[in-house]
Amino acid sequence: MKAPRVAIQGTKASFHEAAAFKFFGKDIETVECDSFKQTCESMQHDEADYVVMAIENSIAGSLLPNYTLLRDYNFSIAGEVYLPIQLHLMALPGVKFEDIKYVTSHPIAIRQCIDFFDQFPHLQVIESSDTAACAKKIRDEQLTDTVAIANTLAAELYGLNIIERRIESNRKNFTRFLILTREASEESRSFNKASICFQVGNAVGTLAKVLNIFAEERINLSKIQSMPVLGRRNEYNFYVDIEWDDLEKYDRALRMVLKHTVNFNIMGEYVKNDQV
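Let us look at the structure shown here. (Residues numbered from 1 in each chain as written. Predicted model: local features only at pLDDT ≥ 70, side-chain atom pairs only at ≥ 80, totals over all residues. Heavy atoms only, no water.)

1. Things to note about the overall build of the protein chain
Logical step 1: Secondary structure summary: the protein chain contains nine helices and 15 strands in total.
Logical step 2: Counting over 276 residues, the protein chain shows a buried share of 46%.
Logical step 3: Long-range pairs, those at least 24 residues apart, make up 75% of the contacts in the protein chain with a sequence separation of at least 6.
Logical step 4: Carbon together with sulfur atoms contributes 47% to the accessible area of the protein chain, which is approximately 14,200 Å² in total.
Logical step 5: The distance from the centre of the 31 positive side-chain charges to the centre of the 38 negative ones in the protein chain is 4 Å. (Helix = DSSP H or I, 4+ residues; strand = E, 2+ residues; numbered from the N terminus. Buried < 20%, exposed > 50% of the residue type's maximum accessible area, 1.4 Å probe, protein only. Contact = heavy atoms within 4.5 Å. Areas by Shrake-Rupley, 256 points an atom, 1.4 Å probe, with all protein chains shown as cover. Lys, Arg positive; Asp, Glu negative; His and termini not counted. Charge placed at Lys NZ, Arg CZ, Asp CG, Glu CD.)

Here it is, written out as structure tokens:
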């Protein structure tokens, strides 16, 4: 059986590839992309079977531009992955902490380690586009005065030594990733979670009516995110994640919600997978 082609933002051994491994296993073909838009383009042009896309972080919050990509490309959400974010300081073998002059990583990873670096103000911090790419650069250019902030996967792949473990300020940090595919699967109705998007009229109580329908049918709203409708004042797209135990109540709730919404779209129905 052919290994699935999975598009990720970033380099091999990035957190996106770690999320892909967690969902699919390690028998995949990783398609490296420079941006989230490029991951979508790769699947649009049949260069990938799936996209792994970060959608929110427990510290940094929602990745709002990615909601726009979900709507623009209209791919189906086939699953989700929650990945604990553990950040380590790594360098070439033999490099000691006192040799370090520069620290490089993705700006979000750097911010998540700010308490650690407050202790070492002499270190110059350099932002980059990807955690794993920083580790790769140290290996490729044999940088003996530079360390990267990345995960254990990057240290293993690029032959670096971890000289300080778990330097993130918050040890309960995780990122939620979505698994995207071109078309929704019709094979099973065993799903118990969905991501939907809709608009409501700009009148008193319209959004409350929709939310009350879910409450009355015992449908749990695990997330709600609003985004302005481009070019329309006071109009918003609402992105909502819902969970349920009774499939009939979910179906009934959707039929009623359709009466109070416009541009309603089921972005994906899938199995809840929130284990970190």
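2. Some words on the pairing of strand β12 (residues 193-199)
Each regular strand displays side chains that alternate between the two surfaces of the sheet.
Logical step 1: When you tally the buried positions in β12, you get seven out of seven residues, the bulk of the element.
Logical step 2: With six bridges joining them, β12 and strand β14 (residues 236-243) adopt antiparallel strand pairing. By the bridge assignment for β14, Ser195 is matched with Asp241.
Logical step 3: Bridging between β12 and strand β15 (residues 262-270) involves six bridges; their strand directions are antiparallel. Residue Gln199 lies in a different strand from β15, and its bridge partner there is Val262. (Pairing = 2+ DSSP bridges.)

3. A word on the state of the cysteines
Logical step 1: Taken as a whole and assessed by the stated rule, the structure comprises zero disulfides.
Logical step 2: Lacking any disulfide linkage, Cys33 is separated from the closest cysteine sulfur, that of Cys40, by 9.0 Å.
Logical step 3: Cys33 gets classed as buried once you look at its relative accessible area, which sits at 3%.
Logical step 4: The thiol of Cys134 is not disulfide-bonded; the next cysteine sulfur, from Cys113, is found 12 Å away.
Logical step 5: With a relative accessible area of 3%, Cys134 lands in the buried category. (Disulfide = S-S within 2.5 Å.)

4. Details of the pattern of salt bridges
Logical step 1: Under the definition given, this model contains 16 salt bridges.
Logical step 2: A salt bridge links Glu56 to Lys223; the shortest N-O distance between them is 3.7 Å. Placement of Glu56 in strand β3 (residues 50-57) and of Lys223 in strand β13 (residues 220-228) is noted, with a sequence separation of 167 residues between them.
Logical step 3: Note on Glu56: relative accessible area 18%, which makes it buried.
Logical step 4: Where Asp274 meets Lys272, a salt bridge forms, and the shortest distance between an N and an O atom there is 3.6 Å.
Logical step 5: Residue classification places Lys272 among the partly exposed positions, given a relative accessible area of 34%.
Logical step 6: What you see here is one network of salt bridges that share partners, running through Glu56, Glu80, Arg176, Lys193, Lys223, Asp241, Glu243, Lys272 and Asp274. (Salt bridge = Lys/Arg side-chain N within 4 Å of Asp/Glu carboxyl O.)

5. Here we look at the nonpolar core
Logical step 1: In this structure, Phe117, Ile149 and Leu180 are the most contacted members of the largest nonpolar core, which totals 67 residues.
Logical step 2: If we skip the residues at most four places from it in the chain, Phe117 touches Leu89, Val103, Leu123, Ile149 and Ile167. (Core = buried A, V, L, I, M, F, W, Y, C linked by side-chain atoms within 4.5 Å.)

6. Regarding the environment of Val257
Logical step 1: For Val257, the position within the fold is in helix α9 (residues 247-257).
Logical step 2: Val257 sits in the buried class, given a relative accessible area of 0%.
Logical step 3: Distance in space between the C-alpha atoms of Val257 and Leu211 is 8.7 Å, their sequence separation being 46 residues.
Logical step 4: The contacts of Val257, once residues within four sequence positions are left out, are Val210, Ile213, Phe214 and Phe264.

7. With respect to the sheet that holds strand β9 (residues 146-150)
Logical step 1: Taken together, five strands build an open sheet; the order of strands is β8-β7-β9-β6-β10 and the sheet is mixed. Pairing within the sheet leaves two strands with one partner each, and these edge strands are β8 (124-127) and β10 (161-164). Strand after strand, the sheet turns through a mean of 35 degrees between neighbouring axes, direction not considered.
Logical step 2: Bridge count between strand β6 (residues 88-91) and β10: three bridges; the pairing is antiparallel. (Axes fitted to C-alpha atoms, helices over the stretch in contact; angles between N-to-C directions.)

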